[in-house]
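Coordinates in review
Residue-level listing of the chains:
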Amino acid sequence: MHYRHRFSFLRAQVKLESRLTIELDEVEENLLSLRTTKSRGPDGISAQFLFSIRAQLKYPLLYLFNLSLAEGIFPSIWKTSQVTPIYKSGDPGSVSNYRPISGLPLIGKLFEKIVNKCIERRFKLVLSTNQHGFYGGRSTTTSALEFSAFIRDSFKNMSQRINQVEDLGFIFTPTLSFAPHIDWIVGKALRSLGFIRRHAGSVMSVRCLLILYTTLVRSIVEHGSVVWSPRTKCDIIRIERVQHRFLSMVSRSMGINHEPHDYKPVLIALNLSTLSERRNMSDIKLLNGLVSGVIDSPDLLSRIGFRIPGTTRSRDPYYLASVSKNYLDDDPLRRAMSLVNSQTS
């Protein structure tokens, strides 16, 4: 009994009043975000149901969310989770090769999402501009892009910082030399593809094979591709061969006839693109994300050359300054601007 009263006293002492107030438009915006969500919380309430009754639900949720903030109480029912194990890699029979994913009630998640945005707005005023992890609009990719741009600038300006380049890890090497690490990327992807082939019994459908391929293999050869996307035809072909092995396996299962080394019929049947085309789409998505503000990186945005309308007949939206070194021509943003210009010309 003594400890129970003491705990109640401590809880009363640390309870802080919230000055945060949630507005109706914030509730409406987050309810609208459920339009394409297919998930369902452990309470059985689906995102599609909440979206369908959003007009009737927004006012009760607004009252409930603000009451929770005013009272400093987060309803215990919103803390109930349903844990689902998600396979990562390795032996499927080992528990350590699964990642637990907690499914939470959607209403509680909406509340947390709104509050988190409010907190983010205040923290952004004091956080370092070099912070990328757990920061909206930034990621490990934006971090690598900014650092690789820093290294290129050092080379261009003959800075003494380049004396320490040889000590940098794999994440920075795309700027300097991609070739020494292409074997690592291709090798890991092929090992994952071999795992699929060994476990792909005759009863496994093509759809299952496709899901395994996109999850275990393609994700490897595409991770951070905007940073390291190869330039030479030789390297492009080596990476493409990974997908060709998968397409060859599927073509036999589906009975699709094709010319040797021509996998276009299989790509069409599976509604897939080449890996090179997908990397190009990722480059363009990066550029559009920076211009639209979806990606929050003032440093990268400042490196985009917008073409100012003038007397020239060029309709290219981006200006590409001439460069004298290959490592400058390999700049991811330059590559993305060149791709967009080629589509508009």
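Owing to the predicted nature of the structure, the values given are computational and were not obtained by experimental measurement.

What counts and how
- Each chain has its residues counted from 1, running along the sequence as written.
- In keeping with the model being predicted, local features are shown solely for residues with a pLDDT of at least 70 and side-chain atom pairs are shown and tallied solely at 80 or more, while totals for entire chains, interfaces and linings include all residues.
- Computation of side-chain values: all heavy atoms of the structure, hydrogens and water removed.
- The secondary structure listing takes helices from DSSP runs of H or I that are at least 4 residues long and strands from runs of E that are at least 2 residues long, numbered from the N terminus.
- A simple rule labels every residue: compare its accessible area, found with a 1.4 Å probe on the protein chains alone, to the largest value its type can have, and call it buried under 20%, exposed over 50%, or partly exposed in between.
- Contact between two residues is taken to exist if any of their heavy atoms lie within 4.5 Å; hydrogens are not considered.
- All accessible areas in this document rest on Shrake-Rupley with a 1.4 Å probe, and a residue is counted as covered only by the protein chains that are shown.
- Only residues whose relative accessible area exceeds 30% and that take part in no salt bridge are eligible for patches, with like-charged residues grouped when within 9 Å of each other and nonpolar side chains (Val, Leu, Ile, Met, Phe, Trp, Tyr) grouped when within 5 Å.
- Should a side-chain nitrogen of Lys or Arg be within 4 Å of a carboxyl oxygen of Asp or Glu, the pair is scored as a salt bridge.
- For the purpose of charge, His is not counted, nor are the chain termini; Lys and Arg are scored as positive and Asp and Glu as negative.
- A charge is said to be at NZ when it belongs to Lys, at CZ for Arg, at CG for Asp and at CD for Glu.
- Pairing of N or O atoms within 3.5 Å defines a polar contact, subject to two protein rules: one partner must be a possible hydrogen donor and the other a possible acceptor, and residues neighboring in sequence count only if both atoms are side-chain atoms.
- Between N-to-C directions, angles span 0 to 180 degrees; the directions come from axes that are lines fitted to C-alpha atoms, helices contributing only their stretch in contact.
- In what follows, roughly perpendicular refers to angles from 65 to 115 degrees, roughly parallel to angles under 35, roughly antiparallel to angles over 145, and oblique to any angle outside these ranges.
- Whether a crossing is left-handed or right-handed is set by the direction in which the near helix is turned from the far one by less than a right angle, anticlockwise for left-handed and clockwise for right-handed.
- Amino acids outside the nonpolar list (Ala, Val, Leu, Ile, Met, Phe, Trp, Tyr, Cys, Pro) and the charged list (Asp, Glu, Lys, Arg) are all regarded as polar, and Gly is one of them.
- We define the nonpolar core as a collection of buried residues of types Ala, Val, Leu, Ile, Met, Phe, Trp, Tyr and Cys that are connected through side-chain atoms lying within 4.5 Å of one another.
- Between 30 and 60 degrees the pair is tilted, below 30 it is stacked and above 60 it is edge-to-face, where a pair is any two Phe, Tyr or Trp rings, Trp via its six-membered ring, whose centres lie within 6.5 Å.
- Placement of a positive charge over a ring is assigned whenever Lys NZ or Arg CZ falls within 6 Å of the ring centre and within 35 degrees of the normal to the ring plane.
- In a helix, the anticipated span is given by 1.5 Å times the number of residues less one.

1. As for the overall build of the protein
- Each helix and strand in the protein was counted, giving 16 helices and two strands.
- A buried classification covers 34% of the 345 residues belonging to the protein.
- Look at the contacts in the protein between residues 6 or more apart in sequence, and 59% of them connect residues 24 or more apart.
- Total accessible area computed for the protein in this model is approximately 22300 Å², and 56% of it derives from carbon and sulfur atoms.

2. Examining a positive patch on the surface
- On the surface, a cluster of positive charge is made up of Arg197, Arg241, Arg245 and Arg252.
- No other element matches helix α11 (residues 233–254), which puts three residues into the positive patch.
- Along the chain, Arg241 turns up in helix α11.

3. With respect to the side chain of Arg335
- Mapped onto the elements of the fold, Arg335 is located in helix α16 (residues 332–344).
- From its side chain, Arg335 meets the backbone oxygen of Val226 in a polar contact 2.8 Å long.
- For Arg335, the contacting residues outside a window of four places in its chain are Ser225, Val226, Ser229, Asp283 and Asp330.

4. Focus: the packing of helix α2 (residues 24–32) against helix α5 (residues 106–123)
- Where α2 contacts α5, the two axes come as close as 10 Å, and the packing angle between them is 120°. When the axes of α2 and α5 are compared, the pair comes out oblique. You can see that α2 and α5 cross each other, and the crossing is right-handed. From α2, Glu26, Val27, Glu29, Asn30 and Leu31 reach across to α5, where they touch Leu110, Lys113, Ile114, Lys117, Cys118 and Arg121.
- Of the residues in the contact of α2 with α5, the class split is five nonpolar, one polar and five charged.

5. Some details on the nonpolar core
- Within the largest apolar cluster, 27 residues are counted, with the highest numbers of intra-cluster contacts made by Val217, Ile239, Phe246, Leu247 and Leu270.
- Of all the secondary structure elements, the ones that give two or more residues to this core are α8 (179–199), α9 (206–222), α11 and α12 (264–270).
- Ranked by the residues each element gives to this core, the list is headed by α8, at seven residues.
- Leaving out residues up to four positions away in the same chain, Val217 has contacts with Ala189, Ser192, Leu193, Ile196, Leu212 and Val242.
- With 21 residues, the next largest nonpolar core counts Leu20, Ile22, Val27 and Leu61 among its residues.

6. Looking at the packing of aromatic side chains
- Taken as a whole and judged by the stated rule, the model has 10 aromatic pairs.
- The interplanar angle of 75° and the centroid separation of 5.4 Å between the aromatic rings of Phe74 and Trp78 together place this pair among those described as edge-to-face.
- Relative accessible area serves as the criterion here: at 26%, Phe74 is assigned to the partly exposed category.
- By relative accessible area, Trp78 is classed as buried at 8%.
- Linked through ring pairs, Phe65, Phe74, Trp78 and Phe111 together constitute an aromatic cluster.
- Cation over ring: Arg54 sits above Phe51, and NZ or CZ is 4.1 Å from the ring centre.

7. Points about the pattern of salt bridges
- Using the criterion set out here, one finds 13 salt bridges in the structure.
- Linking Glu28 and Lys58 is a salt bridge whose minimum nitrogen-to-oxygen distance equals 2.7 Å. One end of the pair, Glu28, is in helix α2; the other, Lys58, is in helix α4 (residues 54–71), and 30 residues separate them in sequence.
- Overall, the relative accessible area of 29% leaves Glu28 in the partly exposed class.
- The salt bridge partner of Asp330 is Arg231, with a shortest N-O separation of 3.0 Å. Here Arg231 lies in the loop between α10 (225–228) and α11 and Asp330 lies in the loop between α15 (326–329) and α16, a separation of 99 residues in the sequence.
- Overall, Arg231 belongs to the partly exposed group, its relative accessible area being 45%.
- Within the structure, one salt-bridge network assembled from shared partners comprises Arg231, Asp329, Asp330 and Arg334.

8. Things to note about α5
- The end-to-end C-alpha distance of α5 is 25 Å, a good match for the 26 Å that 18 residues give at a rise of 1.5 Å each.
- Among the residues making up α5, those that are buried are Leu106, Ile107, Gly108, Leu110, Phe111, Ile114, Val115 and Cys118.

9. Observations concerning the environment of Phe195
- Note on placement: Phe195 falls in helix α8.
- C-alpha separation for the pair Phe195 and Gly90, spaced 105 residues apart in sequence, amounts to 8.5 Å.
- Discounting chain neighbours no more than four positions away, the residues touching Phe195 are Tyr87, Gly90, Pro92 and Leu216.

10. Thoughts on the side chain of Thr142
- Structurally, the position occupied by Thr142 is in helix α6 (residues 140–156).
- In terms of polar contacts, Thr142 uses its side chain to reach the backbone carbonyl oxygen of Ser139, at 2.8 Å.

11. Section: unusual backbone geometry
- The phi dihedral of His261 falls on the positive side, at around 65°, and the residue is not glycine.
- For His261, the position within the fold is in the loop between α11 and α12.
- The exposure class of His261 is exposed, given its relative accessible area of 73%.
- Positive phi values are uncommon outside glycine, yet Asn271 reaches one of about 60°.
- Among the structural elements, Asn271 can be located in the loop between α12 and α13 (275–292).

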